[in-house]
Every structure is written in structure tokens, then in C-alpha cells.
Amino acid sequence: MTENKSLSECKEIYREAFGDGEPDFKNALFDTCFTYCNYLKDREKAVSMLFALPCEIVSEQKKIAGVYVYAAATLKAFRKRGYMSALLEKVKADTDGIVFLRPADENLIKFYEKCGFKKAEAAPNIKDYPCVLPRDGYLKLAKLCGEESGGKFCVLYYAKADIKIEKLSFAYSME
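Predicted, not measured: the structure shown is a model, and the values here were computed from it. Each chain has its residues counted from 1, running along the sequence as written. Totals for whole chains, interfaces and linings use every residue, but because this is a predicted model, local features are given only for residues with pLDDT of at least 70 and side-chain atom pairs only at 80 or more, for both listing and counting. No hydrogens and no water enter the side-chain calculation; it runs on all heavy atoms of the structure.

Trainee: Is there a simple way to explain the overall build of the protein in this structure?
Mentor: Elements are defined by DSSP. Helices are runs of H or I of four residues or more, strands are runs of E of two residues or more, and each kind is numbered from the N terminus. Each helix and strand counted, the protein has five helices and 10 strands in total. Between two residues, a contact is recorded if the distance between any of their heavy atoms is within 4.5 Å. Contacts in the protein between residues far apart in sequence, at least 24 positions, make up 73% of those at least 6 positions apart. Element-wise, carbon and sulfur atoms account for 46% of the exposed surface of the protein, whose accessible area totals about 9700 Å². Each accessible area value is a Shrake-Rupley result obtained with a 1.4 Å probe; residue values ignore everything except the protein chains displayed when judging cover.

Written out as C-alpha cells, the structure is:
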């Protein structure tokens, strides 16, 4: 299977999960960040995917490498088969720092908690709390399509080390 076929299959997963809105953003996401896309196949077809976007969590005391799980989705016909759990386990195993995500739906929080993620709150002020700063292709995407972050929402995180995060701020929002 060629990467072009995998790319088109991942775009289809994205479309089914998140709709056709904002084609400029979708194109920028896949153009700048497909290298960070992890996907699993069933019978030679990509059926589940997520982007593991590189970032740093920066506070006054330190910087911690991180991965922002973005656009995690599985085709409807292939859900409840463990594909997303397997993708999340791979990302967690490959990351020494913090893995975090913003669930697209409140109903997904319990699923992510079963996968080892803990809740935190997104903080509106990037000066008062540890802040997520995009790196590499994610930084390019954020500068193209992101806005200054604001508002409160749920964040879930996983860390191998004993790290507790109560609030996390975002320099850019892609929501």
C-alpha cells in the first residue's frame, strides 16, 4: 500500500468523524502533519487514526516533551474492536513525556480514563499555568490555522512519571 493510499484513507476517517467543514484546515493538517499520523489497518485498509503532534509543556520550573493526540477517530464500522486503544498504547509507549488530548465529546472521557488518562482543566491564561507549545509541523499548523486559546474545557493527560497536572493552558487552539 502506498503512502498516498494511506493518506486518502486517513482523510476519509477524518471526514467521517469530523465532517467536511473547514476544508482549508483539513488540508493544512494533512499537508503539514501527516508524518505524525498513526493509523491501524484492517485487511489492508486504514480504519483508525490519530495525530501524535509534538509539543512541549512549559512552566516556570521546566520544559517537558509532550505529544498532543489530535483527531483520534475510527471508522464507525470498525469501532469497539480495540483499534483506538492500541493506537493510544503505542503513543504512550513511544513517549517519555506527557501525552494529552481534548476529547471531542464528553462521552469519550470514560473511554480515555480506561486507557490510563487523567482529567485536568484547560486554563484560559497561558501566563499562570503550564502551557502547551507546539513544535515542528504542529507549530507550522498552529501558526497557519490556530487562534490564541481561551475558554475552559476538559483536557486528559497521561504521564509515565508521577506528574500531576490540575490545569494546562494552550498557546494555540485548533478547535
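Trainee: Explain unusual backbone geometry to me, please; I cannot follow it from the model alone.
Mentor: A negative phi holds for most residues other than glycine; trans holds for most peptide bonds. Phi at Glu-44 is positive, roughly 70°, even though this residue is not glycine. Relative to the elements of secondary structure, Glu-44 occurs in the loop between β1 (37-42) and β2 (45-58). A simple rule labels every residue: compare its accessible area, found with a 1.4 Å probe on the protein chains alone, to the largest value its type can have, and call it buried under 20%, exposed over 50%, or partly exposed in between. Relative accessible area serves as the criterion here: at 56%, Glu-44 is assigned to the exposed category.

Trainee: For this particular structure, what's the right way to read the nonpolar core?
Mentor: What we call a nonpolar core is a set of buried Ala, Val, Leu, Ile, Met, Phe, Trp, Tyr and Cys residues that are connected through their side-chain atoms within 4.5 Å. By size, the foremost hydrophobic cluster in this structure holds 41 residues, and its most contacted members are Leu-29, Met-49, Phe-51 and Phe-100. When neighbours within four sequence positions are excluded, Met-49 is seen to be in contact with Cys-10, Ile-13, Tyr-14, Phe-30, Cys-37, Asn-38, Tyr-39, Ala-71, Ala-72, Ala-73, Met-84 and Leu-87. Ala-52, Val-69, Leu-101 and Leu-156 belong to the second largest nonpolar core, which has 16 residues in total.

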